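The residues making up each chain are set out below.
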Amino acid sequence: MSLKINAKIVVLGTGGTIAGVRSNPDSPDIYESGRLGIADLMGEVMLGNSSVEFHDVAQIDSKNMGLPIWQSLLRAVSKAQARQDVAAVVITHGTDTLEETAYLLHAFGPWPKPVVMTCAMRPADHPMADGPANLQDALLLAQHAQASGVCVVFNALAHHALHVQKISTDPLTAFSSGFAPLAAEKRHGDWAWLSSPPDSITFQMPTLSGFLGAAQWPRVEWLTHHAGSGSEWVEALLSAPSNTRVRGLVMAGTGAGTFKDAWDAALGKAIGSGVKVWISSRCAWGKPLPQAHQKSGELVDLPPAKACMALALALLARDEERSAL
Ligand code: ASP
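Note that this is a predicted model, so its numbers are computed, not measured. (Residues numbered from 1 in each chain as written. Predicted model: local features only at pLDDT ≥ 70, side-chain atom pairs only at ≥ 80, totals over all residues. Heavy atoms only, no water.)

Engineer: Please explain the packing of aromatic side chains as it appears in this structure.
Structural biologist: Aromatic ring pairs are described here by two measures, namely the spacing of the ring centres and the angle between the planes. Counting across every chain of the model gives five aromatic pairs. Their ring planes at 65° and their centres at 5.2 Å tell us that F154 and F175 sit as a pair that is edge-to-face. With F154 in strand β7 (residues 150–154) and F175 in strand β10 (residues 175–176), the pair connects residues that are 21 residues apart, well separated along the chain. Given a relative accessible area of 7%, F175 falls into the buried group. A connected cluster of aromatic rings, assembled from ring pairs, spans W70, F108, F211 and W217. (Phe/Tyr/Trp six-rings, centres within 6.5 Å; stacked < 30°, edge-to-face > 60°. Helix = DSSP H or I, 4+ residues; strand = E, 2+ residues; numbered from the N terminus. Buried < 20%, exposed > 50% of the residue type's maximum accessible area, 1.4 Å probe, protein only.)

Next up, the structure:
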């Protein structure tokens, strides 16, 4: 494997289990995310010849991710990307919403230098902590001559940000890219680069400065259809007070994006009142397809978590356009 010589890597910490500490040493699985700073995590890895700079962007459980931290992270990433002396950016993140942040970073790409995210399923003081090895692997991948795009390193595999999903609560198989190709795989101690990053996003995007200056995250909710499910939630959301009103709905339909007639009618009403409705599937993999008796909503080839992010970004882009008029 060829490595970039004297590459400086900027490592940004955001919290998560990788920075978690057990509440009680006798119960390794009960812990608090984001207790340690990135300096503590870096103390556990071997840095080799690379020169590394690290900063804490946040110290949170990623279930609490939202606009202010995404803005700080994007600001830090774009600043690092613009520096001549920086060859790559590595980000530590909680596993629970990593796929949303990964999508966000991908959507603002292509970046001139690789962005490698990593995480852990066991806290830092767990007897079998996986964070140090994942962080070490992320740093190694960040120096790989072929590395590009935004990817997620976990358990000796690197996934493209566009495809990765958390699919399991099992510590070793938490992430998958489904049928999509992996970015890289660790073989005999070295990374083998397997496929180039997928193209950037075709949905409407705000400018980076528009995103960084946004005051509010557009409210997008994700609803799931299942046998026996009622569609009254849609009307309940439409009648919320205007400052908390939903602006976008991602409907995770059954199978190829199917839902009952009552849902079709409720979603049609939502669209009529100005809400953007996107149809995804509750299946882990595969895209929604047109259905004979369904009229409401636009089919979107993204899993629901990423579709929520893409729709919120499209709504921010629309706000930006309107404020420019
Ligand atoms: N709740 C944690 C988080 O997402 C889970 C993890 O990192 O594994 O921050």
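Engineer: Looking at this model, I keep getting lost on the side chain of S177. Mind explaining?
Structural biologist: One can find S177 in the loop between β10 and β11 (184–187). We classify S177 as buried; its relative accessible area is 6%. In this structure, S177 is in contact with H159, H160, H163, V164, L182 and W285, ignoring residues within four places of it in sequence. (Contact = heavy atoms within 4.5 Å.)

Engineer: When you look at unusual backbone geometry in this model, what are you seeing that I'm missing?
Structural biologist: Note that the residue after G109, namely P110, is joined by a cis bond; omega there is 0°. Here P110 lies in the loop between α3 (98–107) and β6 (115–118). One non-glycine residue with positive phi stands out, namely A156, at about 70°. Relative to the helices and strands, A156 is located in the loop between β7 and β8 (157–160). Residue classification places A156 among the partly exposed residues on the basis of a relative accessible area of 27%. Here the phi dihedral of H188 falls at roughly 50°; this positive angle occurs in a residue that is not glycine. Mapping H188 onto the fold places it in the loop between β11 and β12 (190–193).

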